[in-house]
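Observations on the model geometry
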Amino acid sequence: MKDWNEKHPYKKSSYSALCKARIKYGQFGEDALLSKKGFKEEYRVKPEYYEYYKNLYLNPKAPSAIDCWMQTLNYAKQKDKVKTANFPCDKTFDRLLKKEFSSDEIKRARRYKEKVIASDYSNIKANEYWIIESYQLNFPIRFKNRYFYPWLTVVKDVKTAK
C-alpha cells in the first residue's frame with residue numbers, strides 16, 4: 001500500500017478502502033469495481049422509486065432512511081428485477097429529498113403528519129385546544145454585546161384561529 005501511494009500520489013488509497021473493494025467484488029463481481037461515470041441512464045433514480053421512497057420516509061411512523069431505502073430496493077427488485085449493484089445508494093435518495101424539501105419540512109412531515117385535528121370544530125369550545133409551534137431562528141441576534149439564536153413560538157387557538 002505504501003509503495004502504491006508513493007508511486008501514485010494523485011491516486012492514494014488505504015487499507016480500509018482495499019478491504020471495502022474486496023467485499024464489493026465478492027458480493028457483486030467486477031461491476032462493483034468499475035466506475036459508474038457515463039452510465040447516467042442506467043443509474044438514474046426512476047421517479048416511481050423516488051416517490052415510493054418519499055412516501056415511506058415522509059411518514060411519521062416511518063423507519064430510518066436506510067430502512068426506507070432497503071424497502072425501495074426490494075420494491076424495485078420485485079417490479080423491475082433491478083440488481084443491487086445498479087441501484088442508486090441511500091444517500092442519492094436522501095440528496096433528492098433534501099433538494100425538494102428543507103430539513104425543517106422533512107422534520108415536520110415525519111413528526112406532525114399524524115397529528116391532524118378533525119376539520120369539524122363545532123364541538124370544540126374557544127380556548128379548549130391550542131396549537132403551539134416553535135422554531136429557532138437561523139440568524140444571530142445581538143443583545144448587550146452577546147450573540148444568541150432566539151426561539152420564535154406561535155400559539156394559536158383551534159376554534160377561533162387567533
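Structure: above.
Residues numbered from 1 in each chain as written. Predicted model: local features only at pLDDT ≥ 70, side-chain atom pairs only at ≥ 80, totals over all residues. Heavy atoms only, no water.

One way to put it is that helix H4 (residues 47-57) packs onto helix H5 (residues 65-80) with a least axis distance of 9 Å and a crossing angle of 145 degrees. Crossing hand, H4 versus H5: right-handed. Of the residues in H5, those in contact with Glu48, Tyr49, Tyr52, Tyr53, Leu56 and Tyr57 of H4 are Ala65, Cys68, Trp69, Gln71, Thr72, Tyr75, Ala76, Lys79 and Asp80. Its residues placed into classes, the contact of H4 with H5 shows ten nonpolar, two polar and three charged. (Axes fitted to C-alpha atoms, helices over the stretch in contact; angles between N-to-C directions. Helix = DSSP H or I, 4+ residues; strand = E, 2+ residues; numbered from the N terminus. Left-handed = near helix turned anticlockwise from the far one by under 90°. Contact = heavy atoms within 4.5 Å. Nonpolar A, V, L, I, M, F, W, Y, C, P; charged D, E, K, R; others polar.)

Formed by 16 residues in total, the largest nonpolar core has its most connected members in Tyr49, Tyr53, Tyr57, Trp69, Phe87, Phe93 and Leu97. Sorting elements by how many residues they give to this core places H4 first, with five residues. (Core = buried A, V, L, I, M, F, W, Y, C linked by side-chain atoms within 4.5 Å. Buried < 20%, exposed > 50% of the residue type's maximum accessible area, 1.4 Å probe, protein only.)

This part covers the environment of glutamate 133. Mapped onto the elements of the fold, glutamate 133 is located in strand S1 (residues 130-136). Taking the C-alpha atoms as reference points, glutamate 133 and valine 155, separated by 22 residues in sequence, lie 6.7 Å from one another.

To continue, consider H5. Given a rise of 1.5 Å per residue, 16 residues ought to cover 22 Å, and the 22 Å separating the end C-alpha atoms of H5 matches this to within 8%. Of all the positions in H5, only Cys68, Trp69, Thr72, Leu73 and Ala76 are classed as buried. All buried residues of H5 lie within an arc of 140 degrees about the axis, which places them on one face of the element. Of the surrounding secondary structure, the elements contacted by the buried residues of H5 are H4 and helix H6 (90-100). (Expected span 1.5 Å × (residues − 1). Arc of directions from axis to C-beta.)

Bringing the packing of aromatic side chains into the picture now. For the structure on display, the rule yields seven aromatic pairs. With a centroid separation of 6.3 Å and an interplanar angle of 90 degrees, the aromatic rings of tyrosine 49 and tyrosine 75 are classed as edge-to-face. On the criterion of sequence distance, the pair formed by tyrosine 49 in helix H4 and tyrosine 75 in helix H5 is long-range, its members being 26 residues apart. Judged by its relative accessible area of 4%, tyrosine 49 falls in the buried class. With centroids separated by 5.8 Å and ring planes inclined at 5 degrees, the aromatic side chains of tyrosine 53 and tyrosine 57 adopt a geometry described as stacked. Here the residue tyrosine 53 and the residue tyrosine 57 both occupy positions in helix H4, the gap between them amounting to four residues, near one helical turn. Take tyrosine 57: its relative accessible area is 13%, and that puts it in the buried class. (Phe/Tyr/Trp six-rings, centres within 6.5 Å; stacked < 30°, edge-to-face > 60°.)

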